[in-house]
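# Structure at a glance
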2 protein chains.
Amino acid sequence: MSIPSGFQFSTAQCGFKRPGRSDLAIVISDVPAVAAGVFTTNRFQAAPVLVAREILEAAPSGIRAMVVNSGQANACTGQEGIDKCRITLELLSALGLAPSEILPASTGVIGDQLKMDLWEKGIPSLRENLGKVGLVDMARAIMTTDTFPKMATREVTLAAGTVRLAGFCKGAGMICPNMATMLGFILCDAGVDQAWWQAALVRCVDKSFNAITVDGDTSTNDCVLALANGTAVKAESRDLAVLEEALLEICQDLSYMIVQDAEGGTKVMRINVYGAASLSDAQLAARAVGNSPLVKTALYGRDPNWGRIVAALGRSGATFVPEDVIVRIAGMTIFRQGTPVKADWDSLLASALRRDTVDIDLELGAGEAEITLMASDFTEEYIKINAEYRT
Amino acid sequence: MSIPSGFQFSTAQCGFKRPGRSDLAIVISDVPAVAAGVFTTNRFQAAPVLVAREILEAAPSGIRAMVVNSGQANACTGQEGIDKCRITLELLSALGLAPSEILPASTGVIGDQLKMDLWEKGIPSLRENLGKVGLVDMARAIMTTDTFPKMATREVTLAAGTVRLAGFCKGAGMICPNMATMLGFILCDAGVDQAWWQAALVRCVDKSFNAITVDGDTSTNDCVLALANGTAVKAESRDLAVLEEALLEICQDLSYMIVQDAEGGTKVMRINVYGAASLSDAQLAARAVGNSPLVKTALYGRDPNWGRIVAALGRSGATFVPEDVIVRIAGMTIFRQGTPVKADWDSLLASALRRDTVDIDLELGAGEAEITLMASDFTEEYIKINAEYRT
């Protein structure tokens, strides 16, 4: 894996999670980096989200570090939670960092106040491990119910030389009672303009992390943070398209892994909406299908159930003429002109429905807008995990 | 049970469902009745929905009968489906009815054309059984995956005398591949104005059938039809409030039974939203919570999981200040001022969470609008039913 230059990693075991597991991670850039962030739109926002937004706004080109703890979400903790979040940043002076140059994030159980004694105990080993751990250790330290660490890297050749991007994330459904669905962190050693970096991140997140669904729930802690430290070469205007493409690929790789790791999930459906009257119509259609428990259970049951897809589409609120709609499953046209295409779909689609990823194409015939949404299936295991995981 | 006067029931076994089960039902009014209907808003509408709308519009005060078959939904069947629906109405001339005075409804497997030979075979026994079956037989004949017949009756004393209402319905989740979630039929022997009857039905359905959710899916065949034949006494202006209240109770009794019979469901949650800025905000809040797989699995797991409720509320799109929100489960305040109320909720709520019905109160503190939504829980059994039920 090619890691961007000028970044150091560290992790520690504080005891927020079960013993023997890393639960604190920090990325430190050797020099102040250009930062970008995309945050949850949930009205209940966790303390670290509020604090990170404020710090990012104050110094978007002067960020040195991102610190993440897992096991405690610091959400629904009121002013005390915000105060404690700020104290954790002050503790990092032991690593030569000022609070104003660190972006915090948390994931885990909500409602409890941060265990400050555990933080204090963890700082020395965080300092000691600096530069001694790799990307996979970072990805592992931020896991909660994830079953595998999630990371992606890219190398891109720009006009002036090569730059690298690396990303890691956590997420596997919105688990009780930690509302923290997903966190994503991206590093880059290119030199970029801050406004462009922020805008590029927003565009890429829209086509990746915002285009996946496990159970339709969004959390109080969700965020994607990205640092570009410029320690390799500067990106020129003509480099921006290729750099953004690499950023998008990182985001899409990571978000695909989240759906792949969906709680209890056995497959990923890729819902491709074409011909929608508008982007928001395309989203309505894709989300209605991707969040429908009936479509999700049919996928799990390997049932080419166009009826459930069509019914979800019909109630989505998207505009279209029913007779113009075409539905394809795994590339085969199964519904058009308001009626099913007669065929023995059970046999024809048997092998396609055993695949890990199943494409569902929805042609609405109402315009030009398109979108792709990744969604997991629904299984007994999902129910089990979410009914038995207690507060 | 007190059945409205001037109506006769009949059922037949045509063979749309498994042998030995009634699958065709008709209500005939002795005289032309005032009719009202509320139909699915799904963009894909089944043939009987399209035909019933047309007939209702042409003669809203001249309806003699409602006919329902179960086992075949006649949805996504194109022009052929509409033509065949009309032919089924013509077949009913054997019972002295004209097509223009009959409202049709269907529920069952979608995509297949109606089996007209089975219809023809069923008509003689439909004629023979007329007046020989009761309300429970009607409710049973329209069942698909329902586990019990659903009906309700009321007697109301008006100024001029007593009138009766009776209703029956089917519904237990939107089952694959029959998209026909629910059908409701209501009879009344009061004399009413058609415009008032239609408006009252719309109001009552909004507070009952439109205020329940099993899996968030709405079908292509949903409808509630109501006939008032005036064979008892005429409702005067001063009677309308009490009559509408009885109509609402019938609708609420029936819709509660649908949630109670939710596929795989073990309990009903009654989500009461108070203090919303608008009715649509109240609906957004209630539906986000009632459709959240995480809330539904927590309920199943008897987990007083305010975190999932708060997270669903936060992403609902309803307007509120997080600090103003109060969440109560089974009457106990569990969350307020942005933080959880500290207590041993597992013990305090243990018995309440074992009940069949659990109240979840959401005080938004943003206005005056209120709504109550009934929702089922989510269980392994739901997944099993919906993954294994094949096309």
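Residues numbered from 1 in each chain as written. Chains lettered and ligands numbered in written order. Predicted model: local features only at pLDDT ≥ 70, side-chain atom pairs only at ≥ 80, totals over all residues.

Time to look at the sheet that holds strand S10 (residues 268-276) of chain B. All names here are of chain B. Spatially, S8-S15-S10-S14-S11-S12-S13 is the arrangement adopted by the seven strands of the open sheet, whose pairing is mixed. Strand pairing shows two members of the sheet lacking a second neighbour, strand S8 (212-213) and strand S13 (339-340), which therefore form its edges. As judged from the seven bridges shared by S10 and strand S15 (residues 369-376), these two strands associate in the antiparallel manner. Paired with Val-268 across the strands is Ser-376, a residue of S15. Lying on the sheet, helix H9 (residues 306-314) is in contact with strand S11 (326-329), strand S12 (332-336), S13 and strand S14 (357-363); it crosses S11 at an angle near 135°. (Pairing = 2+ DSSP bridges. Helix = DSSP H or I, 4+ residues; strand = E, 2+ residues; numbered from the N terminus. Contact = placed C-beta atoms within 7 Å. Axes fitted to C-alpha atoms, helices over the stretch in contact; angles between N-to-C directions.)

A few words on helix H8 (residues 293-300) of chain B. All names here are of chain B. Within H8, eight of the eight residues are buried, leaving the element largely enclosed by the surrounding structure. For H8, the full list of buried residues reads Pro-293, Leu-294, Val-295, Lys-296, Thr-297, Ala-298, Leu-299 and Tyr-300. Arg-302, located one to two residues past H8, shows a positive phi value of around 55°. (Buried ≥ 20, exposed ≤ 12 C-beta atoms within 10 Å, placed from the backbone.)

A word on helix H6 (residues 240-260) of chain A. Note on helix geometry: an α-helix contains 3.6 residues per turn, so any two residues three or four positions apart are oriented the same way. With 21 residues, H6(A) extends 30 Å from end C-alpha to end C-alpha; this agrees with the ideal 30 Å at 1.5 Å per step. Buried residues of H6(A): A:Leu243, A:Glu244, A:Ala246, A:Leu247, A:Ile250, A:Cys251, A:Leu254, A:Ser255, A:Met257, A:Ile258 and A:Val259, and no others. (Expected span 1.5 Å × (residues − 1).)

All right, on to the domain arrangement of chain A then. Residue and element names in this part refer to chain A. What the domain assignment reports for chain A is domain 1 (7-260) and domain 2 (268-388). Distance from the C-alpha centre of domain 1 to the C-alpha centre of domain 2: 33 Å. Each side of the interface is counted separately: domain 1 has 10 residues, and domain 2 has 11 residues. Residue assignment for the side of domain 1 that touches domain 2 shows that the elements contributing at least two residues are strand S8 (212-213) and H6. Of the residues belonging to the side of domain 1 that touches domain 2, the class tally is six nonpolar, four polar and no charged. (Domains from an automatic or database assignment. Nonpolar A, V, L, I, M, F, W, Y, C, P; charged D, E, K, R; others polar.)

Before going further, it helps to examine the pairing of strand S14 (residues 357-363) of chain A. Residue and element names in this part refer to chain A. Every second residue of S14 is oriented toward a common face, the buried set being Val-358, Ile-360 and Leu-362 and the non-buried set Thr-357, Asp-359, Asp-361 and Glu-363. As defined by bridge partners, strand S10 (residues 268-276) adjoins S14 across seven bridges and the pair is classed as parallel. Note that in S14 the partner of Asn-272 across the bridge is Asp-361. Where strand S11 (residues 326-329) and S14 come together, four bridges link them in antiparallel fashion. By the bridge assignment for S14, Val-327 is matched with Leu-362.

On to the sheet that holds S8(A). Pairing in this open sheet of seven strands is mixed, and the strands run S8-S15-S10-S14-S11-S12-S13 (chain A) from one edge to the other. The sheet is open, and its two edges are formed by S8 and strand S13 (339-340) of chain A, each paired on a single side.

With that settled, consider the packing of helix H2 (residues 78-91) of chain A against helix H3 (residues 116-128) of chain A. Any two packed helices are characterised by how steeply their axes cross, that is the angle between the axes, and by the distance between the axes. Residue and element names in this part refer to chain A. At a minimum axis separation of 10 Å, H2 and H3 run at an interaxial angle of 15°. Put simply, H2 runs roughly parallel to H3. Crossing hand, H2 versus H3: right-handed. On the side of H2, the interface is formed by Lys-84, Ile-87, Thr-88 and Leu-91, while H3 contributes Met-116, Trp-119, Glu-120 and Ile-123. Counted by class, the contact of H2 with H3 contains five nonpolar, one polar and two charged residues. (Parallel < 35°, antiparallel > 145°, perpendicular 65-115°, else oblique. Left-handed = near helix turned anticlockwise from the far one by under 90°.)

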